[in-house]
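Structural overview
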Amino acid sequence: MTLEGYRGKLLEILSNAKCSIGDDIVIVTESRSIEGVLMPRYQYADAEHLVLKLKNGYNIGISADRIKKIKLIGKGKEPSFATPPKPEQTPGLPKVLILGTGGTIASRIDYRTGGVRAVISSEELYHLVPELSSIAEITTDILFNIYSENMTSEHWSKIATRVAEAIRAGYDGVVITHGTDTLHYTSAALTFALESPPLPVVLVGAQRSSDRPSSDSASNLIGAVKFAAESRAKGVFVVMHDGPSDDELAVHSGVRVRKLHTSRRDAFKSVNSEPVARVKNDKIEILEESIREEKESGSFRLFEKFDDRAALLKVYPGFHHSIIKDLVDNGIRGFILEGTGLGHAPKSSYGAITYAMSKGAFVGMTSQCINGSVRMTVYDTGRDLLSIGVKPLGDMLSEVALAKLMWALGNFDTSEVGDIMTKNLRGEMQERRLL
Ligand code: ASP
């Protein structure tokens, strides 16, 4: 075992004391001796603190300056993640593919050493959440294991391509486990990449990891798999806690949802609309019947390309026009301006916006109010921006607009992007709210 995460002076004193992560050690400071298990540190954690797990289960940090001596009293075991036997599978259940992408959900923790590892096989998943084996016949595929802040449009593309393979292979549903921070960007991106999917594609995350008593990992996963296996819905959805209760989950449309809280389990809310279904005490309640209908275009098509030369800019007092100009000069092909109020940007930015358009860039307007719709005909600022050529994007959420723009730039000719962006393609915008 190594001294994962330790650097500088601490690495030196721990190496001299011949300690490894997981060992029982005693730290002697000027005032006392503290016994515990040496824990790993995160890659970017500060270099000045050693982390010790005490006998009572709490972790404490001890400043390197206070350490007089380290005594090794027992060598620790490697983190162990033995795979338990697969629980009995009920025959004839719907087939669900679970695609792992990372985040808090579906990770395993070795409580002694703090080692964290992604759940990699269906056997492990069944063991951790045995309820799943009576809901669906599950196959798992770990596509990547990243925090969602590290997602890029290339990851979206890979996920969409894998979902398309699952559709061709005849699965009944797909569940994608994902970090929560950018889950709603991915749900939007997939909604555009997958036209008329014949099955539910369900994104799910967890706000609290499985080592915490209030974890939502298992309940969210069970609800997501249930919805994927049994709902007969078609489209891309997000399943997360609905409120404070442990057994009520909301199912949101992939293009109408946003993370609205940093830590609550019910952080995800449908915006400018209602959840399309609920999973309550193990029962699916469909609230929006249209999610089961065949989409107009009929057969499934994959549009997996994205062009990330698009920017989402928040307008604020003092917003400097050079931001837009510099980005255009650096090759950015489209902008979502998250304007103030009904969709406004300062007069000082008009020149840069006109410049962007003269270079062929798309400029669309959403509102930073989050709720409501842009309405650019009310004030002269809005009318001026409309006359310059800024496109109002109705009640489309800014994150959805960004994903849609990257998708439009990736799959269609520049001349078509304006029309695509202002048309409601997948329920991302309510048309009556367009102006
Ligand atoms: N930062 C993490 C992520 O989005 C949080 C989570 O896993 O929910 O991946």
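Refer to the structure printed above.
Residues numbered from 1 in each chain as written. Predicted model: local features only at pLDDT ≥ 70, side-chain atom pairs only at ≥ 80, totals over all residues. Heavy atoms only, no water.

Details of the sheet that holds strand β21 (residues 334–339)
Here four strands make up an open sheet; going across it, the order is β20-β21-β22-β23 and the pairing parallel. Every other strand in the sheet has two partners, leaving β20 (310–314) and β23 (391–392) as the edge strands with one partner each. Inspection of the sheet shows β20 paired to β21 by five bridges, in the parallel sense. When the sheet's bridge partners are listed, A311 is paired in β21 with F335. The strands touched by helix α9 (residues 398–411) within the sheet are β20, β21 and β22 (362–367), with β21 carrying the most contacts at an inclination of about 170 degrees. (Pairing = 2+ DSSP bridges. Helix = DSSP H or I, 4+ residues; strand = E, 2+ residues; numbered from the N terminus. Contact = heavy atoms within 4.5 Å. Axes fitted to C-alpha atoms, helices over the stretch in contact; angles between N-to-C directions.)

Overview of the packing of helix α3 (residues 153–168) against helix α4 (residues 183–193)
Helix-helix packing is characterised by the crossing angle of the two axes and by the distance between the axes. Two numbers describe how α3 lies on α4: the axes approach to 10 Å, and their chain directions differ by 55 degrees. The angle between α3 and α4 falls in the class oblique. Handedness of the crossing formed by α3 with α4: right-handed. Facing W156, I159 and A160 of α3, the residues of α4 in contact are Y185, T186, A189, L190 and A193. Residues that form the contact of α3 with α4 fall into these classes: seven nonpolar, one polar and no charged. (Parallel < 35°, antiparallel > 145°, perpendicular 65-115°, else oblique. Left-handed = near helix turned anticlockwise from the far one by under 90°. Nonpolar A, V, L, I, M, F, W, Y, C, P; charged D, E, K, R; others polar.)

Observations concerning the pattern of salt bridges
Two side chains bearing opposite charge may form a pair once their charged atoms approach each other closely. If you walk through the whole model with that rule in mind, you get 23 salt bridges. Salt-bridge contacts for R162 lead to E165; the nearest nitrogen and oxygen are separated by 3.4 Å. Separated by three residues within a single helix, R162 and E165 lie in helix α3, roughly one turn from each other. The class for R162 is buried, based on a relative accessible area of 18%. Taking the shortest distance from any N to any O, the salt bridge between E338 and K314 comes out at 3.6 Å. With E338 in strand β21 and K314 in strand β20, this pair connects stretches of sequence that are 24 residues apart. It is possible to trace a salt-bridge network through shared partners that takes in D141, R162 and E165. (Salt bridge = Lys/Arg side-chain N within 4 Å of Asp/Glu carboxyl O. Buried < 20%, exposed > 50% of the residue type's maximum accessible area, 1.4 Å probe, protein only.)

With respect to the nonpolar core
Within the largest apolar cluster, 53 residues are counted, with the highest numbers of intra-cluster contacts made by V163, I176, L190, I336, L405 and M421. Where this core is concerned, the elements lending two or more residues are β6 (95–100), α3, β10 (173–177), α4, β12 (200–204), β13 (235–241), α9 and α10 (414–422). Looking at this core, the element that brings in the most residues is α9, giving nine residues. Ignoring any residue separated from it by four or fewer positions in sequence, one finds I176 in contact with L99, T101, I159, V163, L190, V201, V202, L203 and V204. Core analysis: the second largest hydrophobic core is formed by 31 residues, L125, V175, V251 and I291 among them. (Core = buried A, V, L, I, M, F, W, Y, C linked by side-chain atoms within 4.5 Å.)

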